Amino acid sequence: MIANLVQLAAEEEQSPLLPPGPELLVGTIAFAIVFFFFWKKLLPNINKVLEQRREAIEGGIEKAEAAQTEAQSVLEQYKAQLAEARHEAARLRQEAQEQGAQLIAEMRAEGQRQREEIIAAGHAQIAADRKAASQSLRQDVGQLATTLAGKLVGESLEDHARQSRTIDRFLDELEEKAEAAR
């Protein structure tokens, strides 16, 4: 019987594109079952997973945008603080330079004042020393002149008032000649 069927099937000419009817029916039923299973069970799970992924991606993008906005805000604050710090540093440098210049000017003025005091004290000391030296020199020259004059004249010139006037007149004449020679 099987041999008969095989021979019968071989004799019938079938289209190579169309499967036999029972195979087509079984294939269609199997496809419908698989499609129904996919449509009822698998497709909602796939859609659910895809929706979760989409929400996670959108949430991640929103979080990234929020983080980027916050980072941009922090960067702007940092730049503002940095600019303010640079401005403050420049102001402090300027103040330090001004204070330094003022301090230098004060020190120069103080040095000039001390120099003037030292010069004035030096001039006063020189004048006092000159006066003392002149006085001492007058006495010494007067003593020597009186002694020499006494020896020349042969008598003592011990009168102090006369001796002093003679010496002063002699020295004044010497000073006048020295000034005229200049």
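In case you missed it, the structure is sitting above this.
A brief report on the enclosed structure follows. Predicted model, so just to flag it, every value in this text is computed and none were measured. (Residues numbered from 1 in each chain as written. Predicted model: local features only at pLDDT ≥ 70, side-chain atom pairs only at ≥ 80, totals over all residues. Heavy atoms only, no water.)

**Regarding the overall build of the chain**
Argument step 1. Of regular secondary structure, the chain possesses three helices and zero strands.
Argument step 2. The linear arrangement of helices and strands in the chain, starting from the amino end, is α-α-α.
Argument step 3. In the chain, which comprises 182 residues, the share counted as buried stands at 4%.
Argument step 4. Here the chain displays about 16,400 Å² of accessible surface, and carbon together with sulfur accounts for 61% of that area. (Helix = DSSP H or I, 4+ residues; strand = E, 2+ residues; numbered from the N terminus. Buried < 20%, exposed > 50% of the residue type's maximum accessible area, 1.4 Å probe, protein only. Areas by Shrake-Rupley, 256 points an atom, 1.4 Å probe, with all protein chains shown as cover.)

**Description of the pattern of salt bridges**
Argument step 1. Applying the stated criterion across every chain, the model contains seven salt bridges.
Argument step 2. Where Arg-54 meets Glu-51, a salt bridge forms, and the shortest distance between an N and an O atom there is 2.0 Å. Here Arg-54 pairs with Glu-51, and both are found in helix H2 (residues 21-153), just three residues apart, close to one helical turn.
Argument step 3. Residue Glu-116 is joined to Arg-115 by a salt bridge in which the shortest nitrogen-to-oxygen separation is 3.3 Å.
Argument step 4. Glu-116 gets classed as partly exposed once you look at its relative accessible area, which sits at 41%. (Salt bridge = Lys/Arg side-chain N within 4 Å of Asp/Glu carboxyl O.)

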